[in-house]
Structures are given as C-alpha cells and as structure tokens.
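Here's the letter readout for the chains.
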Amino acid sequence: MKIATINVNGIREAVGRGFLDWLANQDADVVCVQNLKAKSFELDGSILYPEGYEGYFLDAEQDGFSGVGLYCRKIPKAIMYGLGFPQCDHEARFLQADYDRFSIASFLMPDGSDPAAKQNFMAQYQEYLTKMARKRREYIICGTWHIAHKTIDLENWADNQTTPGFKPEERAWMDQVFGPTGFIDTFREINRDAGEYTWWPALDQDQPRERQEGWRIDYQIVGPNFRRHVVDAWIDYDATFSEYAPLIVEYDLTL
C-alpha cells in the first residue's frame, strides 16, 4: 500500500503547475492533500474526481483558507469530517477515511501565525490523539504539522528557536506525541539523515530542493503496532507544483 501526503498550498494553483499529472503517475492507494484554499463546489470534475480516484473534501468556512482532502482508489467504508471541536472543524483541518482494518486521515495544523490559537489547537488535538491511541483501530495520520521535531529537521536550527514551528513548547508537544502518547514518525523509521525537508520558506526553483534551507514539517504517523508495516518512506523532491514536497510511505498492507 502506497500513501502520499502533500500540502498543495492552493489546489487550483497546484493543478496549474502539474499536480494532476503527478497524481496520475503515482499509483498511490490514497493521496492526502492539505491547504486547498478553495471550496469543493468551486472546483471542476477533473480536480474532484481524477481518473482512478474518488475525491473527498472538507471546506473551511473562511474563503481561500485551509481545507483538506483525500483521493482514494478504493471507496472507504466511511468518511469522518472533523474532530468535533470548533477550531478544527470550522477551519477544515481533519478528514478521515475508514477502511476495514485501519483509518487514514488528512491533517493540517495551524501554522503558528497566531501562537495562542495554535497552542489551543494542540491542546485539544492532544486529547484526541490520546483517545485514538487507546482504541483498537489503527490510524495513519498524514499531513502538515507545522512543527520541525528535531534539530536535524531544519537548516539553521540554532537561529530558529523562537520561530513558530520550532519553538521549545512545540517540540516538547511533539515529544509527547512520539513518546508517551505512543505514535511513530514513519519517515524516521526509514531515514535518519539530516537535510531531508518537505517545505522551503524561500524556495529557489533554480536550485535543487535538497540543497536549500528547508524544514521537515510534514509527517505520516502511525501507532506502535504499525511500526513493523512500514516498508519505505521518501520525499519526492521532483514534484514542484507547491512550496511543499510530497511525503510518500509504503506499507506492507492492503486496503
């Protein structure tokens, strides 16, 4: 099973830069997208239902803001929209597809431009993650968490310790997610190297992405029982339709 996640940073702009061509060549079972910045009723059928996929979307109340989606080859048994607290649901930050054995979610954390709002979201989201970890159902949560967890996850980390996305309290929160709460960072199960990034604040399209000063703020996380199912994980640096790069993980599972 192949799952991809990508922050498109505006779905219509990404389509104009080749997103649908990239999607058609992935042979992915599920593609999680975030930051659509458009309402689904504004999109044409080629975006909503690309060949081979069923599209599911959650729209933010605010125009041109947030939004998450799932492209699924196999129709899920159920779709869960939101998490039940207003900040998440009104801003369209969580969408989950349920299959027989596990669930796959597309997730978008607030970016931290409003630190208090992000902290409030993290507190409520932590409560939900704790409940998820106690359930017998397994989860694969994919998306932009807007936090670089370790010093190897961004360039110039020493100069960014007060920057949203690398503040001590944000990193400590991630320590809880990957520690006592029990979730696993699938990418780091495969790749422990520095210099692996999914977002570039000042991307220069004329330079190779992996050589530029970036941040790894996109994740696919799973529970401890799924650690053994992670086969491979990589970042697609050749996909240039967004300021973010797709994170792709293969699992020895089937939908």
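Residues numbered from 1 in each chain as written. Predicted model: local features only at pLDDT ≥ 70, side-chain atom pairs only at ≥ 80, totals over all residues. Heavy atoms only, no water.

**Some points on the packing of aromatic side chains**
As a reminder, the rule being used: Pairing of aromatic rings covers Phe, Tyr and Trp, the last counted by its six-membered ring, and requires centre-to-centre distances within 6.5 Å; plane angles under 30 degrees mean stacked, over 60 mean edge-to-face, and any other angle means tilted. Secondary structure elements are defined from DSSP: runs of H or I of at least 4 residues count as helices, runs of E of at least 2 residues count as strands, and each element is numbered from the N terminus.
This structure, assessed with the given rule, holds 22 aromatic pairs. Taking 4.9 Å as the distance between ring centres and 65° as the angle between the ring planes, the aromatic pair formed by Phe107 and Trp145 counts as edge-to-face. Of the two residues, Phe107 is situated in strand β7 (residues 102–108) and Trp145 in the loop between β8 (138–144) and α6 (168–177); the sequence distance between them amounts to 38 residues. Taken together, Phe85, Phe94, Phe107, Phe121, Tyr125, Tyr128, Trp145, Trp173, Phe178 and Tyr219 form an aromatic cluster joined through their ring pairs.

**Section: the sheet that holds β7**
Here is the rule: DSSP-based pairing: two strands are paired if at least 2 bridges between them are found. Only heavy atoms matter for contacts: two residues are in contact if any of them lie within 4.5 Å across the pair. The axes used here are C-alpha line fits, helices contributing only the stretch in contact, and every angle between their N-to-C directions lies in the interval 0 to 180 degrees.
Strand order in the open sheet formed by 6 strands is β5-β6-β7-β8-β10-β9, and the pairing between neighbours is mixed. Here the strands that pair on one side only, and so sit at the sheet edges, are β5 (78–81) and β9 (184–185). Where β7 and β8 come together, 7 bridges link them in parallel fashion. Residue pairing in the sheet places Ile104 in a bridge with Ile140 of β8. Running over the sheet, helix α5 (residues 115–134) touches β5, β6 (94–98), β7 and β8 and is turned about 155° from β8.

**Looking at the pattern of salt bridges**
What counts is decided by this rule: Salt bridges are defined by distance alone: a side-chain nitrogen of Lys or Arg within 4 Å of a carboxyl oxygen of Asp or Glu.
For the structure on display, the rule yields 10 salt bridges. Between Arg93 and Glu91 there is a salt bridge; the shortest N-O distance is 2.7 Å. Between Lys118 and Glu170 there is a salt bridge whose closest N-O contact spans 2.7 Å. Of the two residues, Lys118 sits in helix α5 while Glu170 sits in helix α6, which places them 52 residues apart along the sequence.

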